[in-house]
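# Observations on the three-dimensional arrangement
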Amino acid sequence: MGHVPRSLTVHCRGELTRIASPGNEVTIDGVFLPQRVAEGGYRAMKAGLVTTTFVEAQNIIIHKKSYDDSISGSLSEDERIKLDEQIQEIATGEDPVGTLSSAIAPEIFGHEDIKRALLLQLVGGCTRKLPDGMRIRGDINICLMGDPGVAKSQLLKHVASITPRGVYTTGKGSSGVGLTAAITKDVTTGELALEGGALVLADRGICAIDEFDKMDEADRTAIHEVMEQQTVSVAKA
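The paragraphs below set out a description of the structure included in this document. (Residues numbered from 1 in each chain as written. Predicted model: local features only at pLDDT ≥ 70, side-chain atom pairs only at ≥ 80, totals over all residues. Heavy atoms only, no water.)

### A few points about the pattern of salt bridges
Think of it this way: side chains of opposite charge can pair up when their charged atoms draw near. As enumerated under the stated definition, the model contains 5 salt bridges in all. With a closest N to O distance of 3.5 Å, Glu 77 and Arg 80 form a salt bridge. Linking Glu 77 with Arg 80, this pair stays in helix H3 (residues 77–91), spanning 3 residues, or about one helical turn. Among the salt bridges present, the one from Lys 214 reaches Glu 211, with a minimum N-O distance of 3.1 Å. For Lys 214, a relative accessible area of 41% corresponds to the partly exposed category. By relative accessible area, Glu 211 is classed as partly exposed at 35%. Each of Glu 211, Asp 213 and Lys 214 takes part in a single network of salt bridges with overlapping partners. (Salt bridge = Lys/Arg side-chain N within 4 Å of Asp/Glu carboxyl O. Helix = DSSP H or I, 4+ residues; strand = E, 2+ residues; numbered from the N terminus. Buried < 20%, exposed > 50% of the residue type's maximum accessible area, 1.4 Å probe, protein only.)

Below you can see the structure in the form of structure tokens.
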């Protein structure tokens, strides 16, 4: 954290492909190898003293998963029974919503209503699919307004950190392309590729946008489609 970002080529073969999707945080175990350059020709002349290196991946671990994957994969039998007991205890208790919402950002005093709203957003509602193919979304969007220093950003950061896929951005620093999707030219192959923005990376998670009022009007219209239909459509020739 806090260093200059570096990029590194990773080669995955066989079963290791398609495990991770863009925006995942992964740990990769592998062998660090030099890449062979052609013996003759232009590429061999261009290759300098430093070899291009890559990592031959042997194992990939994904850190942030969806709730179901993370629970089923990592817990032992005893821990799973204990977890079920804890869930039942809260569910059959006095005020389950209050108990859970007080656990969101416990270091911030008060704001009970806001924490309840954030809890409902984390859990998500029931998305209904009607027989004729229409989809009614169950998730809610929340806009926090208030004076400076009433812990709006702190609540946002906390919520983005406890979701399985949470992305935190600020409105001034992110353009409409950075929020939805950008078209980039692949360096190696020269093909055009889609690169996901913040909203794409937060798929089935929560995207927290701070300083919403500082955003440009044009960038703000890029979010409307995501907030209403929960889709990102790109039209490029």
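### Here we look at the packing of helix H5 (residues 112–123) against helix H6 (residues 152–162)
Running from amino to carboxyl end, H5 crosses H6 at an angle of 25°, the nearest separation of the two axes being 11 Å. In terms of their interaxial angle, H5 and H6 are classed as roughly parallel. Two packed elements cross with a definite hand, and for H5 against H6 that hand is right-handed. The segment H5 lies against H6, with Ile 114, Lys 115, Leu 118 and Leu 122 engaging Leu 155, Val 159 and Ile 162. (Axes fitted to C-alpha atoms, helices over the stretch in contact; angles between N-to-C directions. Parallel < 35°, antiparallel > 145°, perpendicular 65-115°, else oblique. Left-handed = near helix turned anticlockwise from the far one by under 90°. Contact = heavy atoms within 4.5 Å.)

### Some remarks on the nonpolar core
One broad rule of soluble globular proteins: the nonpolar side chains tend to lie buried together. Residues Ile 104, Ala 105, Ile 108, Leu 118, Leu 119, Leu 122, Ala 151, Leu 155, Val 159 and Ile 206 constitute the largest nonpolar core, which totals 10 residues. Those elements giving two or more residues to this core turn out to be H5 and H6. Considering every element that reaches this core, the biggest residue donor is H5, with 3 residues. Setting aside chain neighbours within four positions, we find Leu 155 in contact with Ala 105, Ile 108, Ile 114, Lys 115 and Leu 118. Val 167, Ala 198, Ala 202 and Ile 223 belong to the second largest nonpolar core, which has 9 residues in total. (Core = buried A, V, L, I, M, F, W, Y, C linked by side-chain atoms within 4.5 Å.)

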